[in-house]
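# Geometric and topological summary
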Amino acid sequence: MPTVTPTPTPKPTATPSTGKVVVGYWHNFDNGSGVIPLRNVSNNFNVINVSFAETLSDHATLTFTPFQTTPAQFKADVAYLQSQGKRVHISIGGANATVDLETAANKASFVSSLKSIIDTYGFDGIDIDLEGASLSLNGGDSDFKNPTTPKIVNLIAAIKEIMTAYGSGFDLTMAPETAYVQGGQIAYGGPWGAYLPVIYAVRDQLDYIHVQHYNSGSMQALDGKSYSQGTADFQVAMAEVLLKGFAVAGNAANMFPALRADQVAIGLPSSPAAAGGGYTAPADIVKALNYITKGQSFGGGYKLQTPAGYAGFRGVMTWSINWDATTGYAWSNAMKSYFG
């Protein structure tokens, strides 16, 4: 392990993240994919999402303890990556952490504990990776522009408070599952579409969203057809749902507005072992990216509604850096090569 060198307290840098992104999640735990010291993350990635800040038993107070290293070393590692021009975010949630902000007190605990983590380690932004029961719409909550479910209302307020505290140089990203976003085309209730009110409420502060295009199964696209995960068609079709906007629960009078092209990326597994389903070979990802960004069709079943494509499309995310390392960085080598 590298020797800890004295460094000043890291602070989020003043320049917002810009340009194309190759985002990777870094494990703060060992799940069989191996442990990588944070400072040794491959140079292929220009955004690193530290995974994860998790909750205590109240499902509101966030905690983060660096794995197999000291807080001082981890803080130095964050600063080292930032000195190379990389963005280092703290990701909140993951599959094992439930966040449930039912009350104003829960919201206050969430905000204060998250600010403490950010200030301790000098992260450049937050990544909202809430899964499972963390986000779900209550019965009767039917308008994504005016949500009434307390846990969603309080999460929105918490995100806004954090973003105000750290200013325009601080990043906000999201990594929802497909049911919570594109699933809102089919239904709006329970988990279906449950991220939509959050995305809509903070859309002016959102740097980019990378929906998890894995562990998804088939999903409906804008053409009304379903596409299978793990294919170039799926990547293009799911991306354009957000790039074009869509009718919520099939109601043409209730449209979820398009995000800017630079606010949309796609999330994919870096190896077949990284997810239960949805692995897409890098060559097929490149086919999808050429279609999304340049309008260069690969002859698939899904046809872009904007034939010229979306030149500003932001990039790609992977779960995870650690799994990518197990294949000799085949995934990120291809993505870095693509985006230059």
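Located above this text is the structure these notes cover.
Before going into details, it helps to say that this report is about the structure given with it. Every value quoted in this text rests on a predicted model; they were computed, and no experiment measured them.

### Focus: the packing of aromatic side chains
Scanning the model with the defined rule gives 19 aromatic pairs in all. For the ring pair F52 and W319, a centre distance of 5.9 Å and an interplane angle of 10° mean the geometry is stacked. Of the two residues, F52 sits in strand β2 (residues 47-55) while W319 sits in strand β13 (residues 315-319), which places them 267 residues apart along the sequence. Clustering of aromatic rings is evident, with ring pairs tying together W26, F64, F74, Y121 and F123. Positioned above the aromatic ring of Y80, the side-chain terminus of R39 is 4.5 Å from the ring centre. Geometry around Y200 places R203 over its ring, the cationic atom sitting 3.9 Å from the centre.

### Describing the environment of L172
Locating L172 in the fold gives a position in strand β6 (residues 171-174). Residues L172 and L206, spaced 34 residues apart in sequence, show a C-alpha to C-alpha distance of 5.2 Å. What L172 contacts, discounting residues up to four positions off in sequence, is I126, I128, I159, M163, V202, Q205, L206, D207 and Y208.

### Points about the layout of surface pockets
Empty space within the largest pocket amounts to approximately 310 Å³. If you trace the largest pocket, you find 18 residues lining it, with F52, G94, A95, E131 and W319 closest to the centre. For the lining of the largest pocket, the elements supplying multiple residues, two or more each, are β2 and β4 (87-94).

### Describing the pairing of strand β11 (residues 251-256)
When strand β10 (residues 246-248) meets β11, the two strands line up antiparallel, connected through three bridges. Each residue of the ladder has a partner; that of F246, found in β11, is F256. What sits between the antiparallel neighbours β10 and β11 is a turn of two residues, in which A249 has the positive phi angle 55°.

Cut-offs and rules
- Residues numbered from 1 in each chain as written.
- Predicted model: local features only at pLDDT ≥ 70, side-chain atom pairs only at ≥ 80, totals over all residues.
- Heavy atoms only, no water.
- Phe/Tyr/Trp six-rings, centres within 6.5 Å; stacked < 30°, edge-to-face > 60°.
- Helix = DSSP H or I, 4+ residues; strand = E, 2+ residues; numbered from the N terminus.
- Lys NZ or Arg CZ within 6 Å of the ring centre and 35° of its normal.
- Contact = heavy atoms within 4.5 Å.
- 1 Å grid on protein atoms, 1.4 Å probe; cavity = no way out; pocket = protein on both sides within 12 Å on 5 of 7 lines; lining within 4 Å.
- Points joined across faces, edges and corners; volume = space filled by probe spheres on them.
- Pairing = 2+ DSSP bridges.

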